[in-house]
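Per-entry structural report
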Amino acid sequence: MLLLIIAVAAFLCTMAGGLLALRLRDKLHLILGFSAGAVIGVAFFDLLPEAIGFGAPFHSPAAVLSWTALGFLFYLVLDRILLFHGNSAPRGRVAAGVLCLHSLLDGIAIGLAFQASHQVGIIVAIAVLTHDFSDGINTMNVVLKNHGNKAQGLRWLLADAAAPVLGVACTYFFSLRGSSFGVVLGLLGGFFLYIGASDLIPESYHGHPKFLTTAMTLAGAAVLYLAIALIAG
């Protein structure tokens, strides 16, 4: 019952973030600035530490970070292929798909944590819920920024919101090895770093008030850092 409540809460938090981004789309450059900081914050303060932690019994930190570099470079090549063909809409779909994959792994992390112990499960669930709101913002933003319309944004937002619910449900049928989970989180960290640094930051900064957009980027990273630090503490 508790897992069901957490899954529903994750769904609602993600939807709320995405709907806020849609409502404030006339100020999209500021939302994109915040989103860029949040995406990079998730990579540095959440995904990479968790990847190293999960992989520690099996891989050195250098090996895990090598997977992060591979993820960054793989996404760069994929992005360049799409950009070369002038396909901004597929770029948005790919980025939204990565965010949905991250949300799916969030749900899996919650389920596996509860398999370990009730206390660990609660801690992981709180950590996931704190950045699900920004996940919704990020998903809506990458679709709208790449010339997606409202309906497409809502469909991807719904998929992202449903992903952690599906992830939790999946853990009733299998358990993921710690070594594999560390590698996957490392790859996702590389994806997120690329999306934030090469896509969201330049788009938010271009042709808009520089101080406000930069401040929003720093605020996005700071919010994620504080939320994760408070939970870890």
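As shown above, the structure is provided for reference.
Report follows, based on the coordinates. (Residues numbered from 1 in each chain as written. Predicted model: local features only at pLDDT ≥ 70, side-chain atom pairs only at ≥ 80, totals over all residues. Heavy atoms only, no water.)

**Focus on the overall build of the protein**
Across its full length, the protein holds eight helices and zero strands. Along the protein, helices and strands appear, N-terminal first, in the series α-α-α-α-α-α-α-α. Across the 233 residues in the protein, those meeting the buried criterion constitute 47%. Partitioning the contacts of the protein with sequence separation of at least 6, the portion at a separation of at least 24 is 85%. Accessible area of the protein: about 10800 Å², with a carbon and sulfur share of 74%. (Helix = DSSP H or I, 4+ residues; strand = E, 2+ residues; numbered from the N terminus. Buried < 20%, exposed > 50% of the residue type's maximum accessible area, 1.4 Å probe, protein only. Contact = heavy atoms within 4.5 Å. Areas by Shrake-Rupley, 256 points an atom, 1.4 Å probe, with all protein chains shown as cover.)

**Considering a nonpolar patch on the surface**
Residues M1, L2, L4, I5, V8 and L12 make up a contiguous nonpolar surface patch of about 610 Å² in total accessible area. Here L12 is to be found in helix α1 (residues 2-23). (Patch = residues over 30% accessible without salt bridge, like charges linked within 9 Å, V, L, I, M, F, W, Y side chains within 5 Å. Salt bridge = Lys/Arg side-chain N within 4 Å of Asp/Glu carboxyl O.)

**Some thoughts on the packing of aromatic side chains**
On inspection of all chains with the given rule, the structure shows five aromatic pairs. When the centroid spacing of 5.1 Å and the interplanar angle of 70 degrees are considered together, the rings of F45 and Y225 count as edge-to-face. Here the residue F45 occupies a position in helix α2 (residues 28-55), and Y225 occupies one in helix α8 (residues 210-232), the gap between them amounting to 180 residues. Following the ring pairs from residue to residue traces out a cluster consisting of F72, F74, Y75, F191 and Y194. (Phe/Tyr/Trp six-rings, centres within 6.5 Å; stacked < 30°, edge-to-face > 60°.)

**Structural notes on the nonpolar core**
Within the largest apolar cluster, 43 residues are counted, with the highest numbers of intra-cluster contacts made by Y75, V98, V142, F192, I195 and L200. Those elements that place two or more of their residues in this core are α1, α2, α3 (61-84), α4 (88-116), α5 (118-145), α6 (150-170), α7 (178-205) and α8. Element by element, the count of residues in this core is highest for α2, at 12 residues. If we skip the residues at most four places from it in the chain, V98 touches Y75, L188, F191, F192 and I195. (Core = buried A, V, L, I, M, F, W, Y, C linked by side-chain atoms within 4.5 Å.)

Interpretation in functional terms is not warranted from these geometric data alone.
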